[in-house]
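Listed here are the chains, written in short residue letters.
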Amino acid sequence: DWLLERLIEGKLLSAPPPRQYEFARLNLTYVITSKRKLAQLVYDHKVSGWDDPRMPTIVGLRRRGYTPASIQTFAERIGVTKSDSWIDYATLEGCLREDLELKAHRGMAVLNPVKLVLTNWDEAFGAGHLEPCTQPALPHPPEGVESPTRHFTIGKEVWIERTDYEEVPPKGYKRLFPGNKVRLKGGYVIECTGANKDADGHITEVLATVIPGTKSGTPGADSVKAKAAITWVGVQDGVQAEVRMYDRLFLDAQPDAGGKDFLESLNPDSLKVVTAIVEPSLAQAHPDDKFQFERHGYFVADRVDHVQGTKPVFNLAVGLKDSWGK
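Cut-off values and rules
- Residues numbered from 1 in each chain as written.
- Predicted model: local features only at pLDDT ≥ 70, side-chain atom pairs only at ≥ 80, totals over all residues.
- Heavy atoms only, no water.
- Salt bridge = Lys/Arg side-chain N within 4 Å of Asp/Glu carboxyl O.
- Helix = DSSP H or I, 4+ residues; strand = E, 2+ residues; numbered from the N terminus.
- Buried < 20%, exposed > 50% of the residue type's maximum accessible area, 1.4 Å probe, protein only.
- Pairing = 2+ DSSP bridges.
- 1 Å grid on protein atoms, 1.4 Å probe; cavity = no way out; pocket = protein on both sides within 12 Å on 5 of 7 lines; lining within 4 Å.
- Points joined across faces, edges and corners; volume = space filled by probe spheres on them.
- Nonpolar A, V, L, I, M, F, W, Y, C, P; charged D, E, K, R; others polar.

Q: Sorry if this is basic, but what is going on with the pattern of salt bridges here?
A: Two side chains bearing opposite charge may form a pair once their charged atoms approach each other closely. Under the criterion given, the structure shown has 27 salt bridges. In this structure, E157 and K115 form a salt bridge, with 3.5 Å as the shortest nitrogen-oxygen distance. Within this pair, whereas E157 is found in strand β8 (residues 157-161), its partner K115 is found in strand β5 (residues 113-118), the two being separated by 42 residues in sequence. Here E157 falls in the partly exposed class, since its relative accessible area comes to 27%. The partner of K290 in a salt bridge is D288, and the shortest N-O contact between them spans 3.6 Å. One network of salt bridges, with partners in common, ties together D51, R63, E242, R244, D302 and D305.

Printed below as a string of C-alpha cells:
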C-alpha cells in the first residue's frame, strides 16, 4: 500500500490504487506445491519429469487425465480462505470422477490375466467359431446423444482377471468357483468346472462350460440366473497394452509440514506398470482419449507414449471410488 501511494504521488500510477487481495496457500493432502521441492524430485530422478502424472503441475495433471472442467469444479468447490487449511486430495479425485462419468467411453481390460477355457465351445458352436458381441460405449449418454457401439468377439478362450476365480470361495464371493454360474459381460452365462494348475500349484487355466442361448441382448439372456457378471477380453481379438497404475506420490498426508523431510514419505508403490489385455476399441484410442475400464477406474491414453493401434499405453487417472487406506 505504501508503494502504491508513493507511485500515485509521483504520478506514475493513477488513483485510486488497485485493490489487493491476499489468500492462503492451497494445501492439498498427499501433495507438495513448493517449486523448489518439486524441482528436487525432478533433478533427483524421483519422478520422470515435470510432466510426470504424479506431479501437481498443469502438464502432469493433464498427462494423468485431469480435465480443465474437473480442476475448475475443484477450485469452485473449495473456495478461498485467508487461513491455512488442508484440502483432502479425495476432493480433487471426486471432481474428476464427476466429469468423466458421463463422458468417458467404457471398455473392458484385464489387468492381471489368466486364461478361461470354455471346454464345450467347439461342441456348442463349432471349432474356431467366434461370436460377435456388442456393448454401448456410453451406458448413460447425455440427452439427445446416441451412444457409439463397441464391437468384440467371444470364442473358446478368453482372458479374465485372476481374482475372478477362487477354488474355495470366501463368504459372499459370487464370481467363478466350481459349480457357480456367472455371466461374461456382453456374452454368455457360463458354469465353472474347476481349473488347471502347474507343478507349483499356481492356476494356469480356469475351466468352464458355456450355456448356449444365454447371450446378452437375446430373448434367452435371462433364462439362466447368474449371480454376477465379470469382465473379460477375447483371446482372438484382445490387444496387449502397457498400463501404468499411478497412486499418490506420498504416504504422509502432510509430507512437508513442520519441517519434515518430504523424501522420507515418498510412496514406493506410486507407480506400478502392468501388461494388460484390452478390447479392440481401446487399442484404437488417440492420445489423451479418456475411458472407464469397467470395474477398474478411469484411464487416459498417454499423450506422449501411446501410439494408436500399435503401442497402447494407458495411465490410471482415478479409481472408481476412493479406496485410499482401505
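Q: Looking at this model, I keep getting lost on the sheet that holds strand β3 (residues 105-107). Mind explaining?
A: Spatial strand order, β3-β16-β17-β18-β14-β15-β4: 7 strands in an open sheet with mixed pairing. If you trace the sheet from one side to the other, it starts and ends with β3 and β4 (109-110), each paired once. For β3 and strand β16 (residues 290-293), the ladder comprises 3 bridges, and the chain directions are parallel. Looking at the pairing, R106 lines up with Q292 of β16.

Q: What am I meant to see in the layout of surface pockets here?
A: Rolled over the atoms, a probe with the dimensions of a water molecule shows which regions are left empty. Its volume calculated, the second largest pocket comes out at about 380 Å³. Lining the second largest pocket we find 25 residues, and of these L28, V31, P56, L61 and L92 sit closest to its centre. Considering every element that reaches the lining of the second largest pocket, the biggest residue donor is helix α4 (residues 68-78), with 4 residues. Residue classes in the lining of the second largest pocket are distributed as 20 nonpolar, 1 polar and 4 charged.

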